[in-house]
Amino acid sequence: MSLDRWVVCEQCDSVYTRRPLRPGEVADCARCGHHLYRHHRFDLEILLALTLATAIVFVMANVYPVVALNAQGAYNAATIWGAVIATWESGVAPVAFISALLVFFFPLSQICLFAYVLLGLRRGRRPAEFRQAMHALSLMQPWSMAEVFMLGILVAIVKLHGVMTVIPGIGLWSFAILTLLLAALTSYDLQDLWDIAEDVEAGQAA
Amino acid sequence: MSGRVVTAAEMGLIGCRRCGHVMQRPQAVEGSSCARCGAGLHWRKPQSLERCWAFLIAAMILYVPANTMTMMKTINPFNSTDDTIMSGVIYLWAAGTPELAVIVFVASVMVPIGKFIALLILLISVHRGSSRDRVGRTRLYRIIEKIGHWSMLDVFVVALLVALVRFDLFGRVEAGGGAICFGGVVLLTMMASLSFDPRLIWDTPEKT
């Protein structure tokens, strides 16, 4: 008997049989209410396009200053890396280190790994390091905090506003878009990607 | 849907935490791995309660210096002020930005403390083998999983202010030890909630 049609709720261990969903439908656990699975909104092409777009705004958000300050002629602009380095130099290296991981390295790795996995699957085969890439993606998911940093930027701007002239930079708009795209990308259920990979392999074998 | 749901445990099945693959439960679960993704299989998250307690207690201890130590130093030619989390919130309120004060208060005070209380409720109820309101407790778990990382907000704000406010004439902002402690609190509470296995809520027998 094939077990492919089963799904186990990871929060209360209930077992269900999978059934196809209509667009927008979500399957919730009848016992505890956990989202079991949802309708595939994106196919591989759309996911890949999303990944590429995310990569582009990631570069822009990091190259251009997020905000600049003007205090009676004295001017200072900060990029994300500038913030990390300044925090490091300010004597709180652990804060700089953690921020760099949560806001820069994890999002960057997510984008690269998604690109790697999706490009492979679209060519009709599982990339060589598929398992490792997928494990890394699911481990990083809770620790990627671009959206929190976005709110942090806004709080910092409002805090400084009134004391100094705050000039929003291209990096700010890029980062806002990055936040949205990254949220869309990482909201994709990795378990569905495992299923797609299995289908791709089955197609290859046939 | 009517009647009782059947659990994987009763059917002799096991679902992989990592990829969702469902398989027959092997004789010895610990040490075996998922047929599809190769992740280690576990009946429940290993040492779930012990790890959760350890991270939670460490986080609660660290929360004290996180609140008493300086989060942010503002230095200008005339004076310098040390701000803790709470004094920062009060400053925002007094400066005429109560919305901001509320956002920072919720993210830095209410979310961590709410998370401490929620994890304590979950841990103690599982230890006591409680069968009360399992749905509500599972929902509580989902909430803390979802909102936990927003507490990092204040740490990021400090990092940004440090990077931006660096003027010889008008002063500068420096981060204090409180920022390190607070960042540690957020990471530890996230690790605590990731270690907790919500299936433990459902494992205890129904009391009649």
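Residues numbered from 1 in each chain as written. Chains lettered and ligands numbered in written order. Predicted model: local features only at pLDDT ≥ 70, side-chain atom pairs only at ≥ 80, totals over all residues.

Asks: Residues and numbers for the overall build of chain A, please.
Replies: The secondary structure content of chain A amounts to seven helices and seven strands. Along chain A, from the amino end to the carboxyl end, the secondary structure elements read β-β-β-β-α-β-β-α-α-α-α-β-α-α. A globule of 206 residues ought to have a C-alpha radius of gyration of about 17 Å, yet chain A, at 21 Å, is considerably larger. With respect to the three principal axes, the spread of C-alpha positions in chain A is 75 × 40 × 30 Å. Per-residue burial over chain A gives 35% buried out of 206 residues. By sequence separation, contacts in chain A at least 24 residues apart represent 63% of the contacts at least 6 residues apart. (Helix = DSSP H or I, 4+ residues; strand = E, 2+ residues; numbered from the N terminus. Rg over C-alpha atoms; globule rule 2.2 N^0.38 Å. Buried ≥ 20, exposed ≤ 12 C-beta atoms within 10 Å, placed from the backbone. Contact = placed C-beta atoms within 7 Å.)

Asks: A description of the domain arrangement of chain A should follow, citing residues and the corresponding values.
Replies: The domain boundaries assigned to chain A delineate domain 1 (1-39) and domain 2 (42-205). A C-alpha centroid distance of 30 Å is found between domain 1 of chain A and domain 2 of chain A. (Domains from an automatic or database assignment.)

Asks: Let's hear about the sheet that holds strand β3 (residues 72-75) of chain B: which residues, and what values?
Replies: All names here are of chain B. The sheet built from four strands is open, its strands ordered β4-β3-β6-β5 with antiparallel pairing. Looking at strand neighbours, the two that pair on one side only are β4 (80-83) and β5 (166-167), the edges of this open sheet. Bridge count for β3 against β4 is four bridges, and the pairing is antiparallel. Looking at β4, one finds that Thr-74 is bridged to Thr-81. (Pairing = 2+ DSSP bridges.)

Asks: Could you give an account of the pairing of strand β4 (residues 35-38) of chain A, with specific residues and numbers?
Replies: Within a regular beta strand, the side chains point alternately toward one face of the sheet and then the other, so they alternate between its two faces. All names here are of chain A. Sheet analysis places strand β3 (residues 26-28) next to β4, joined by three bridges and oriented antiparallel. For Asp-28, the partnering residue across the bridge sits in β4 and is His-35. The turn joining β3 and β4, which pair antiparallel and follow one another in sequence, is formed by six residues; a positive phi near 90° is taken by Gly-33.

Asks: Requested: an account of the interface of chain A and chain B, with residues and values cited.
Replies: Residue-level contacts link 50 residues of chain A with 55 residues of chain B. Elements represented by at least two residues in the side of chain A that touches chain B include exactly β1 (6-8), β5 (67-71), β6 (74-78), α2 (80-89), α3 (93-122), α4 (130-140), α5 (146-160) and α7 (190-205) of chain A. Broken down by element, the residue count for the side of chain A that touches chain B peaks at ten residues, all from α5(A). Partitioning the side of chain A that touches chain B into residue classes produces 32 nonpolar, 13 polar and five charged. (Nonpolar A, V, L, I, M, F, W, Y, C, P; charged D, E, K, R; others polar.)

Asks: Now, about helix α6 (residues 170-186) of chain A: what can you tell me, with residues and values included?
Replies: Residues and elements named next belong to chain A. Compared with the 24 Å implied by 1.5 Å per residue over 17 residues, the 24 Å span of α6 between its first and last C-alpha is a close match. Within α6 the residues assigned to the buried category are Gly-171, Leu-172, Ser-174, Phe-175, Leu-178, Thr-179, Leu-181 and Leu-182. The inward-facing, buried residues of α6 abut α1 (44-63), β5, α3, α5 and β7 (165-168). (Expected span 1.5 Å × (residues − 1).)

Asks: Before we move on, could you go through the sheet that holds β6(A) and cite the residues and values that matter?
Replies: If you walk across this open sheet you meet the three strands as β6-β5-β7 (chain A), and the pairing is antiparallel. Unpaired on one side and paired on the other, β6 and β7 of chain A mark the two borders of the sheet. Each neighbouring strand pair of the sheet contributes to a mean axis angle of 20°, computed without reference to strand direction. Sheet analysis places β5(A) next to β7(A), joined by four bridges and oriented antiparallel. By the bridge assignment for β7(A), A:Leu69 is matched with A:Val166. Lying on the sheet, helix α6 (residues 153-164) of chain B is in contact with β5 and β6 of chain A; it crosses β6(A) at an angle near 140°. (Axes fitted to C-alpha atoms, helices over the stretch in contact; angles between N-to-C directions.)

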